[in-house]
Every structure is written in C-alpha cells, then in structure tokens.
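# Structural description and commentary
One-letter residues, chain by chain:
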Amino acid sequence: MFRPASRIASLPSPATIAMAARARELKAEGKPVISLALGQPDFASPEEALEGAIEEVRDGHTGYPPLAGQKTLLEAVAYKFRRDNALDVPLSRLMVANGGKQIIFNAFMASIEAGDEVIVPAPYWVSYPLIVQMFGGCPVEVSCLEENNFRLKAEDLAKAITPRTRWLVLNFPNNPTGAIMERADLEALAEVLRKAPHVMIMSDEIYEHLTFSGKKHVSLAQIAPDLADRILIVNGVSKAYAMTGWRVGFACGPEALIKAMVKVQGNISSGICTLAQGGARAVLSGPMEGVEAMKRVYEERRDRVVGFLRNIPGVSCAMPQGAFYAFPGFTALIGKKTPSGRMLDNDVDLAEALLEEQHLATVPGSSFGKGSHLRLSFAASDEELAEACRRLERFVLGCS
Ligand SMILES: Cc1ncc(COP(=O)(O)O)c(C=O)c1O
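Everything quoted here is computed from the prediction, not taken from an experiment.

Two strands in a sheet stick together by hydrogen bonds in their backbones, pointing the same way (parallel) or opposite ways (antiparallel). Pairing is mixed across the open sheet formed by seven strands, whose spatial order is β2-β8-β7-β6-β5-β3-β4. The open sheet has two edge strands with one neighbour each: β2 (94-97) and β4 (138-143). Recorded for the sheet is a direction-independent mean angle of 25 degrees between the axes of neighbouring strands. Pairing geometry for strand β7 (residues 231-236) and strand β8 (residues 249-252), over four bridges, is antiparallel. Across the sheet, residue Gly-236 finds its bridge partner in β8, namely Gly-249.

In total, this model carries zero disulfides according to the counting rule given. Cys-138 takes part in no disulfide bond, and the closest cysteine sulfur, belonging to Cys-144, lies 20 Å away. Accessibility expressed as a relative area gives 34% for Cys-138, which makes it partly exposed. The closest cysteine sulfur to the non-disulfide-bonded Cys-389 is located on Cys-317, 9.9 Å from its own sulfur.

Our next topic: the sheet that holds strand β11 (residues 363-364). As summarised here, the arrangement of the three strands in space is β9-β12-β11, forming an open sheet in which the pairing is antiparallel. Looking at strand neighbours, the two that pair on one side only are β9 (325-326) and β11, the edges of this open sheet. Bridge analysis of β11 against strand β12 (residues 374-377) gives two bridges, and the strand direction is antiparallel. Its bridge partner being in β12, Val-363 is matched across the sheet by Arg-375.

How each quantity is defined
- Residues numbered from 1 in each chain as written.
- Predicted model: local features only at pLDDT ≥ 70, side-chain atom pairs only at ≥ 80, totals over all residues.
- Heavy atoms only, no water.
- Pairing = 2+ DSSP bridges.
- Helix = DSSP H or I, 4+ residues; strand = E, 2+ residues; numbered from the N terminus.
- Axes fitted to C-alpha atoms, helices over the stretch in contact; angles between N-to-C directions.
- Disulfide = S-S within 2.5 Å.
- Buried < 20%, exposed > 50% of the residue type's maximum accessible area, 1.4 Å probe, protein only.

Listed below in structure tokens is the structure:
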C-alpha cells in the first residue's frame, strides 16, 4: 500500500484546498458561486507574449533549453532589473524557473539543512512555510501588525534572529495584505541584517508593478547594495503580465546560490518550456503600458471594494498599497451565529459559512498565519465584485 514520505505526510493541508473543492461542487450543482479565492489576474496575457512564443518555435528552439534559461531571456531579465530596480547584474547572477514558486523551491532545496530556521513575516503567502518544512527547516513567524499597516518592524526582526536563522523572507507588496515597505522601513531592516551576516534574504517582489496611490516599489537590494551577496530577488511574469499559466519566474542572486539552484533545476525539470521563455522575453523587454493599464483597473477596484467593506458594521480593512487582495478583519463576527444558525468559532467557519450560505468563495486568514480575517482577491470583474460585496454585507448583517 502507498505510504507518503514523512516530509509530505506531515505537511498540513491548507483549508483553501477543501474550500476550492467545495466551491467546485456547489458550482457543479448549479449554484451561482462567485470566487474571490484565486490569486490570478482576470486579464488575458499580452499579445506580445503570444508572438514571442510563436517566434521561438519558428526559430527552431524546440530542443532542451539551457538549464538556467535561454540567453535572450536572461538578457531581458537583466534589462528589467536595470530599468525597474537600478540593478546592473551579470547573467551569471540570473536564472529562470517554472514560476516564482519553483525559484523559491530551488533556493530552499539548495540551502536548507534540517533544523535551519526561516523567518517568515506573517501574514505570509502560504507556500513559504510549507516549502521550508519539506526540507526539514523550521518556519519562524514574526507578526506584522495591522496597526502598522502590516509592515515588518526592524525591532521585531532583530528579536527573531538566532544563530540557526538561515533565511529571512520578505514579500512586499504582500500577499495577502497588499502591504508595501517604505524606503525608511527597508533601511531599518538593512541595519539589523548587517549585524547578522549568517542570514540570507529572499525578497519576493512578484507584485512589484502593482502598487497604488502613486507609491513605487523599492527593492532592499537597491537600498543596501552592500548586502547584494546575501539577497535573492524572486520575481516572475505571472502577476504583472497576467501570465500565470506560462509558468515563468526569475531570480537574481549571488552566483554561488544561483549555481546551486540551477543544479537543483537540472534534476527537477531540465529547464523551462522554450515557448514560455519566448513569451516572457517578449513582455520583459517590451513596453509597460499594458501593465500600467491593468494596475489602474486594480486600483479602481481596490478603492470600491475597500470602501464598501469599511462601510459594513463590524468589518475593518487596512488599505492595500499593492497586489490585488483586500484582507478585511471580522473579529466582531467571531462567536456569533450565521443567518442559518451556524456557529462562527473562527475564520475557517466564517469562510465556509459564506460559501455555503452566500456562495461566495474567499480564503480564511489563518491560511496566511492571521486568524479572524479573510482574503478577497479583486482580480475579478466589476459585476462579480459588486455582487460579492452585497452578499458579504447581507451575511454580516444577518449574523447575531
Ligand atoms: C507572493 C507570491 N510569490 C510567488 C508566487 C508564485 O507565482 P508563480 O509561481 O506563478 O510565478 C505567488 C503566487 O500566488 C505569490 O502570491
């Protein structure tokens, strides 16, 4: 009989999987389910991506690619880092993988020994602690408080660092809160990190282009060039260019780490689909108007959704400064009963009840290390968002 390896058997199953399965069941039963659960842009991939992919085939690039990525794509990635982050890096410090997720997987597999600690500021994207645990590492959560707009405070970071700390994970703009870090916040973090030379920094900047209210993303690598040999920047085309299905992520890091990550990749996937690389090359070296236009749409939706949520009695909502998620708090609802008499003991009960009673799929905050909250993606149409907000309000007002 099949028995999963202990590193897999011991991994917790996020509530999101059960929720997504139930949402599919309800949909199949003909229920008018609206899902704000997915972290996926609702736009089509840019035309240039399609042309780039076709060009790749026409040029006969249909054999195994170089493990770190095709030279033309790495050159486009280098151009992106120069244009957006003022970083001038040689191709030997770059690589591409099957999505930002595989970059993270490669990096942790290449570096984590059993018992190593990885500081994961919470709320966090659920995959960081899970991947860390797959390699026997220990995720160490540090809370980023809502009162501080979910930013990581330098003094909280300092307290969490131990001799066993291997990595700090930064993810700004953040999934699920939309928080960003200002220049001064990053300068304070850099000060702490200079005193802890054994700590590597993974800076996941996959939402860098999606920042609102005129704010601009700043990378720690720009603020602290002296830490360059300890910073791995994770990025990709999924979110900014609406290319989640193409599976292209990229990284910039110290040469020895990139080399080890390429070695991992050579034993996992033998590189990235050449068509997808052509698509990514085209968008990364192309104009940014399309990204700007999508950003404006997300920002309008953010304003409408957050405005609506804040008007529902008992619901709080920090203003997301980037990405495409709202992360409202429902503390006032915990301990109450839903219109159908379900008890709401926590955010998982809340998300389940919303799905069953209002056919609205969201993600419970505890999946991101923060209870009493829900994550709502605003990568959905105006009509869906308006209807979702009406359902949410009806639900909250009916609880007692
Ligand atoms: C914070 C963050 N990082 C990385 C990723 C990985 O994206 P991909 O593997 O599609 O590049 C995601 C996807 O949801 C994300 O939210």
